[in-house]
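Read off the chains here:
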Amino acid sequence: MSTAATRRLHRELQLVQREPSWGVSAAPLSEDLYTWHCNVAGQPPAGGAPVILHLELTFSAEYPVRPPRVEVLGSTVTHPNVFSTFICLDMLEGGEWASDEEKRRPYMGWSSAYSILAILRQLQTFFFEGDGTQWWKCQLCTLHNPMKNKRCEACDTTRGARDAIGINVEHTPHFQCRCGHQPCGPHWPPFPQSVECDDAPVANVLPEACLENSCVICLGHLDDDARGALKGAPAARPLAQLVDREGQLTCKHFFHLPCAQQLKSNFCPLCRSPFARVAALPDQQTVRRAAKSELSPEPLCQKALEQMARFAGWPLGIVIQLMSFLRRHERVCLSFAVPAWQEAAAAPLFWEAQEVQCFHEKTGPNEDVIGIGVLAQGRGRLATLTAHFDAISRTAWQGGLRKAAWKEPLSHWLPLFIHEQHSRAAAELLSECLRSLADSCSQEQDSHIPPLVFQTLEGRAPAAVDAIVAFPEMMHQLMKQVLYGDRHASLKLLKGYFVMHRLFLHCCDQWPEIRVAADLALQQFLRSEEGRTKQSTPWLAYILQLLTISNVGWDDVKKPFLEEALAREVQFILPRYPKYCPTLPEEETQAAPELPSEWTITDQIPGSDQLSASRATELSRHSIRGAERGWTCISGVARGTGSSAFSVQIRSMPADSAIRIGWVSGEGDLLVGQSSEAWGYHASRSYGHFGWKAHGGRWTRYGPPFEEGDTITAVVQEGEISFMRNGQPLGVAFKVHSHQLPKDASGFRPAVAVRRAAEVHLIAEAPEMQLSFSPEEQRDVAWDANRRGNTLIMFQVFFLSLVRPKGGMQDWSALKEEYDKRYGFPAPEMSAALFEMFSEVHQIRELPGHVAWRKFLDLIGFPDLGTEELQVLLRQGYERAKTMGYKQGGRRDHA
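What counts and how
Residues numbered from 1 in each chain as written. Predicted model: local features only at pLDDT ≥ 70, side-chain atom pairs only at ≥ 80, totals over all residues. Heavy atoms only, no water. Helix = DSSP H or I, 4+ residues; strand = E, 2+ residues; numbered from the N terminus. Buried < 20%, exposed > 50% of the residue type's maximum accessible area, 1.4 Å probe, protein only. Contact = heavy atoms within 4.5 Å. Areas by Shrake-Rupley, 256 points an atom, 1.4 Å probe, with all protein chains shown as cover. Pairing = 2+ DSSP bridges. Axes fitted to C-alpha atoms, helices over the stretch in contact; angles between N-to-C directions. Parallel < 35°, antiparallel > 145°, perpendicular 65-115°, else oblique. Left-handed = near helix turned anticlockwise from the far one by under 90°. Nonpolar A, V, L, I, M, F, W, Y, C, P; charged D, E, K, R; others polar. Core = buried A, V, L, I, M, F, W, Y, C linked by side-chain atoms within 4.5 Å. Patch = residues over 30% accessible without salt bridge, like charges linked within 9 Å, V, L, I, M, F, W, Y side chains within 5 Å. Salt bridge = Lys/Arg side-chain N within 4 Å of Asp/Glu carboxyl O. Phe/Tyr/Trp six-rings, centres within 6.5 Å; stacked < 30°, edge-to-face > 60°. Disulfide = S-S within 2.5 Å. Expected span 1.5 Å × (residues − 1). Polar contact = N/O pair within 3.5 Å; in protein donor to acceptor, adjacent residues only side chain to side chain.

Draft legend 1. Examining the overall build of the protein more closely. The helix and strand tally for the protein stands at 24 helices and 30 strands. The burial tally for the protein puts 52% of its 895 residues in the buried class. For the protein, the share of sequence-separated contacts (at least 6 apart) that also reach a separation of at least 24 residues comes to 66%. As displayed, the protein has an accessible area near 41,500 Å², and 51% of this comes from carbon and sulfur atoms.

Next up, the structure:
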């Protein structure tokens with residue numbers, strides 16, 4: 001049989017013995033490692049006697065690439081997903097029941113990350129808890145259908161009055177398996193004792209009593225102070241007991257309240273009785289006096305305290321080695337008994353070790369070199385590196401594994417930094433893997449990294465160049481994919497970002513010239529405006545990645561970074577808002593130009609409506625109410641052939657009214673959309689929940705329907721007609737062909753048509769005048785054009801605040817020591833803080849600009865920058881973008 005499958009099954013056996021699970025048992029047959037017999041126990045959802053299913057798992061030589069075959073032995077099971085003796089389950093798809101498409105589909109079917117215990121736990125849940133779906137069996141084709149279906153999905157037979165079916169198990173009389181198992185006992189493999197299982201609900205045998213004058217978690221006396229060797233133990237005040245949802249005691253054990261509040265599961269640590277909450281004792285002094293009066297001093301308790309004091313002096317390494325032989329709940333209880341051992345119980349050997357265990361081989365860093373998979377896509381400037389943080393051993397990769405745990409494709413492998421011994425074993429592999437990754441990235445002229453980096457590293461170790469090319473690319477892509485919603489922002493993925501950073505720091509230790517090159521590139525960025533151009537700094541986002549390992553700090557670079565970021569944002573603003581130009585505070589805001597006198601009002605246009613005697617009414621200057629019947633059309637003077645715009649505020653839209661806003665050329669119709677020389681944006685309450693664009697009598701959905709209070713802006717620019725609703729662009733509505741352009745120099749004319757007493761207020765721009773924005777609107781526009789980029793900046797700056805040396809000291813040793821305590825993983829509070837920041841920056845991202853800018857500036861270190869200073873920076877950025885010619889579509893068009 002396959003060596004890989006044999007190796008994996010031996011490790012599975014060790015896992016079953018080391019971490020047993022309540023209600024399941026598994027063991028291979030003595031003569032055949034590839035055939036396992038298992039038991040799954042549970043209570044049927046419909047009630048009744050407990051059920052034990054005896055299963056046979058048959059493994060092929062391709063395990064764990066292919067799932068085992070699961071068969072029920074000695075019982076007839078009635079269940080929608082059991083066919084004869086075979087079980088059909090999604091996590092087992094990939095074997096004989098799965099199509100080729102199902103085998104390749106990510107996040108579906110079998111994964112080699114599943115273990116035998118995972119299969120049995122899933123079967124236990126599947127049979128005895130289920131998803132709540134009820135089924136009925138078709139009498140004609142025997143297909144199981146959901147109860148909500150009144151007809152069979154296969155043969156269309158009616159359901160009738162059939163009852164829902166549930167799991168039903170009938171054991172074969174006098175059945176005895178070849179392994180020795182019998183349905184009524186004895187069971188083989190035997191079930192583990194509940195006290196051995198972390199997930200056991202209640203122990204079978206409960207202790208009769210405990211020391212009533214001591215806390216059963218820390219063994220401290222209920223009236224003792226925590227002093228001397230016991231320093232660090234939860235204090236003896238106040239007291240608590242465990243109660244159910246109704247407030248009734250579930251056991252008679254006393255605890256220190258801080259001890260009980262740290263319990264990780266809802267079971268008493270001594271008697272395993274389930275409880276709902278921890279209740280502080282209302283009159284603690286009375287309880288203590290009662291305890292003292294009723295109970296004599298316990299010499300055993302005093303001896304336990306003395307022994308605990310002696311244990312406190314044991315070396316940490318010996319304590320960790322001792323705890324490695326214990327199960328998780330035993331380590332937790334022991335750490336409460338000896339407070340000085342709490343650090344040992346939280347050692348990465350027990351908590352982070354599972355994160356760096358190869359999901360395919362089930363090996364750890366002490367047995368093999370552990371790394372992660374990376375997918376390289378694209379070439380040149382469009383190349384991307386996507387890291388997947390499922391641990392993969394060198395053996396698994398060399399054995400041909402090219403998919404992550406959930407079937408994402410992989411093309412490269414990269415060893416991780418876990419501890420010094422592991423890094424020495426992976427040293428040669430690291431250089432080779434970085435070379436392969438760097439070959440898949442853009443380099444030199446096409447690189448996103450400042451060219452000075454490559455100039456500094458010229459002639460140095462090739463691995464240094466490879467590292468500074470690959471790591472910023474992987475870290476940036478990971479951050480971008482998470483923030484932009486391309487990947488789910490799980491805590492595991494965010495912790496992976498820290499893991500990647502630790503490996504980057506390790507490369508800086510191996511090749512110090514990496515940090516030197518990063519420092520020089522950042523100093524160039526600081527020194528002059530030429531060092532901040534796109535030629536010197538192609539992508540600003542990669543400046544943030546260099547800051548994660550450089551001795552130059554964010555406080556040094558933040559002011560020029562913000563100025564350059566605002567300048568580069570202009571290239572995204574102008575295509576959507578061609579007339580954008582931030583206003584300086586000292587400049588007077590220009591009043592909206594008055595409506596030119598050449599505008600004319602024409603009514604009594606029937607359209608599809610009958611005419612009436614009423615006429616259009618000019619309520620005030622620029623405000624017009626249409627006639628009660630028919631259409632009222634308002635047309636302006638021709639605006640020439642250049643860019644132009646005008647706005648209309650919707651004052652009133654009675655029932656059955658309609659409004660069209662747009663442009664006409666030549667003798668175009670005044671109904672704005674009926675002829676080939678008119679282009680309009682139409683909304684009406686009788687046209688449903690859609691906006692419409694009209695041209696040549698044809699109607700097409702376009703944007704949302706505008707309503708009372710909305711302001712619609714019509715823009716014509718370079719042969720394209722577009723509209724904005726309340727400042728939000730709706731996209732190009734029409735592209736005007738050359739033969740449709742005005743034949744003379746008069747150009748397009750603005751036009752508005754209203755029906756059935758609709759009211760509008762015209763906010764017209766005089767010919768050749770720019771479309772104006774208020775300062776607040778300018779900030780909204782600037783934020784809206786680059787929300788995603790600003791989100792990335794906020795998140796990355798917060799990450800820098802977590803990982804960079806504090807107090808201005810350029811010493812990374814403290815951070816590396818913190819990483820190395822946890823196999824290269826961050827402290828829990830660091831990963832939790834980053835996860836919380838993810839939610840916060842997304843909330844800021846959705847705010848309007850005049851609100852979001854304030855929060856953005858606070859987060860990146862500009863709490864004192866006011867609105868007027870921001871306006872100045874926006875204007876300076878606009879002027880710099882114009883001077884430098886920043887625009888989309890250029891060869892070095894980087895953000």
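Draft legend 2. Focus on unusual backbone geometry. Cis geometry is found at the peptide bond from Gly185 to Pro186, where omega equals 0 degrees. Within the secondary structure, Pro186 is located in the loop between β10 (168–171) and β11 (239–243). In the segment running from Trp188 into Pro189, the intervening peptide bond is cis, with an omega of -5 degrees. Within the secondary structure layout, Pro189 lies in the loop between β10 and β11. The backbone of Lys362 shows a phi angle near 60 degrees, a positive value even though the residue is not glycine. Structurally, Lys362 is set in the loop between α9 (342–345) and β14 (370–377). Relative accessible area serves as the criterion here: at 15%, Lys362 is assigned to the buried category. Look at Tyr823: it is not a glycine, yet its phi comes out positive at around 60 degrees.

Draft legend 3. Local environment of the pairing of β14. Within β14, six of the eight residues are buried, which leaves the element mostly enclosed by the surrounding structure. Direction of pairing for β14 relative to strand β15 (residues 384–393): antiparallel, over a ladder of seven bridges. Residue pairing for β15: Gln377 is matched across the bridge by Thr384. Between the end of β14 and the start of β15, which pair antiparallel, lie six residues, with Gly378 showing a positive phi angle near 75 degrees. Where β14 and strand β16 (residues 412–415) come together, four bridges link them in antiparallel fashion. Its bridge partner being in β16, Gly371 is matched across the sheet by Pro415.

Draft legend 4. Expanded view of the packing of helix α18 (residues 554–573) against helix α24 (residues 867–884). For the pair α18 and α24, interaxial distance at closest approach is 7 Å and the crossing angle is 60 degrees. It follows that α18 is oblique to α24 by the angle criterion. With respect to the hand of their crossing, α18 and α24 are arranged in right-handed fashion. Together, Leu562, Glu563, Glu564, Leu566, Ala567 and Val570 of α18 and Leu873, Leu874, Gly877, Tyr878, Arg880 and Ala881 of α24 make up the contact between the two elements. When grouped by side-chain class, the residues that make up the contact of α18 with α24 number eight nonpolar, one polar and three charged.

Draft legend 5. Molecular detail of the sheet that holds strand β19 (residues 623–625). One open sheet holds the seven strands; their spatial order is β18-β19-β30-β21-β26-β27-β28, and the pairing between them is antiparallel. Each edge of the open sheet carries a strand with a single partner, namely β18 (617–620) and β28 (728–735). Going from strand to strand, the sheet's axes swing by 25 degrees on average, the running direction of each strand aside. Pairing of β19 with strand β30 (residues 759–763) involves three bridges; the strand directions are antiparallel. Its bridge partner lying in β30, Ser623 is registered against His761.

Draft legend 6. Representation of the nonpolar core in the model. Core analysis: the largest hydrophobic core is formed by 132 residues, its most contacted members being Leu414, Phe471 and Ile514. A per-element tally of this core places helix α14 (residues 462–483) first, with 14 residues. Once you skip the residues sitting within four places of it in the chain, Ile514 turns out to touch Leu457, Ala464, Ala467, Ile468, Phe504, Cys507, Cys508 and Ile549.

Draft legend 7. Layout of a nonpolar patch on the surface. Where nonpolar side chains cluster on the molecular surface, the patch consists of Tyr107, Met108 and Trp406 and spans about 310 Å² of accessible area. Residue placement: Met108 occurs in the loop between α2 (100–104) and α3 (116–128). We classify Met108 as partly exposed; its relative accessible area is 34%.

Draft legend 8. Looking closely at the packing of aromatic side chains. With the rule as written, the count across this model stands at 22 aromatic pairs. Centre to centre, the rings of Trp679 and Phe748 are 5.8 Å apart; their planes meet at 70 degrees, and the pair counts as edge-to-face. A residue pair is termed long-range when its members are at least 10 positions apart, and Trp679 in strand β23 (residues 678–684) and Phe748 in strand β29 (residues 748–755) qualify at 69 residues. Between Tyr681 and Phe723 the ring centres are 5.3 Å apart and the planes differ by 50 degrees, which places this aromatic pair in the tilted class.

Draft legend 9. Quick peek at the sheet that holds β16. Reading across from one edge, β15-β14-β16 is the order of the three strands in this open sheet, with antiparallel pairing throughout. A single partner strand is all that each edge strand has here, and the edge strands are β15 and β16. Taken over all neighbouring pairs, the strand axes of this sheet differ in orientation by 30 degrees on average, direction set aside. On top of the sheet, helix α12 (residues 427–439) reaches β14, β15 and β16; it is set at about 140 degrees to β16, its chief contact. Strands β14, β15 and β16 of the sheet are contacted by helix α15 (residues 491–510), whose axis makes an angle of about 95 degrees with β15.

Draft legend 10. The arrangement of the state of the cysteines in detail. For the structure on display, the rule yields zero disulfides. You can see Cys38 has no disulfide; the closest cysteine sulfur is in Cys179, sitting 9.7 Å from it. Of the residues examined, Cys38 reaches a relative accessible area of 0% and is grouped as buried.

Draft legend 11. Quick peek at the pattern of salt bridges. A full pass over the atoms with the stated rule returns 26 salt bridges. Across the pair Lys559 and Glu563 runs a salt bridge whose closest N-O atoms are separated by 2.6 Å. Taken together, the residues span about one helical turn, with Lys559 and Glu563 both in helix α18 at a distance of four residues. Under the relative-accessibility criterion, Glu563 is labelled partly exposed at 22%. Put simply, Glu529, Glu564, Arg568 and Arg880 are held in one network by salt bridges that share partners.

Draft legend 12. Region of interest: α24. Here α24 contains 18 residues, and its C-alpha end-to-end distance of 25 Å stays within 8% of the 26 Å for a straight helix at 1.5 Å per residue. Within the sequence span of α24, burial applies to Leu870, Gln871, Leu873, Leu874, Arg875, Gly877, Tyr878, Arg880 and Ala881. In the core, the buried residues of α24 are packed alongside α18, α19 (775–785) and α23 (849–859). Backbone geometry just after α24 places Gly885 at a positive phi near 70 degrees.

Draft legend 13. Quick peek at the environment of Ala426. Turning to its location among the elements, Ala426 is positioned in the loop between α11 (420–425) and α12. For Ala426, a relative accessible area of 4% puts it in the buried group. Setting aside residues up to four positions removed in sequence, Ala426 forms contacts with Val369 and Pro415.

Draft legend 14. Quick peek at the side chain of Thr583. You can see Thr583 is positioned in the loop between α18 and β17 (600–605). A residue is classified by how much of its surface remains accessible, and Thr583, at 16% relative accessible area, is buried. Looking at Thr583, its side chain comes within polar contact range of the side chain of Gln778, at 2.7 Å. Once residues lying within four places of it in the same chain are set aside, the contact partners of Thr583 are Phe773, Gln778, Gln871 and Arg875.

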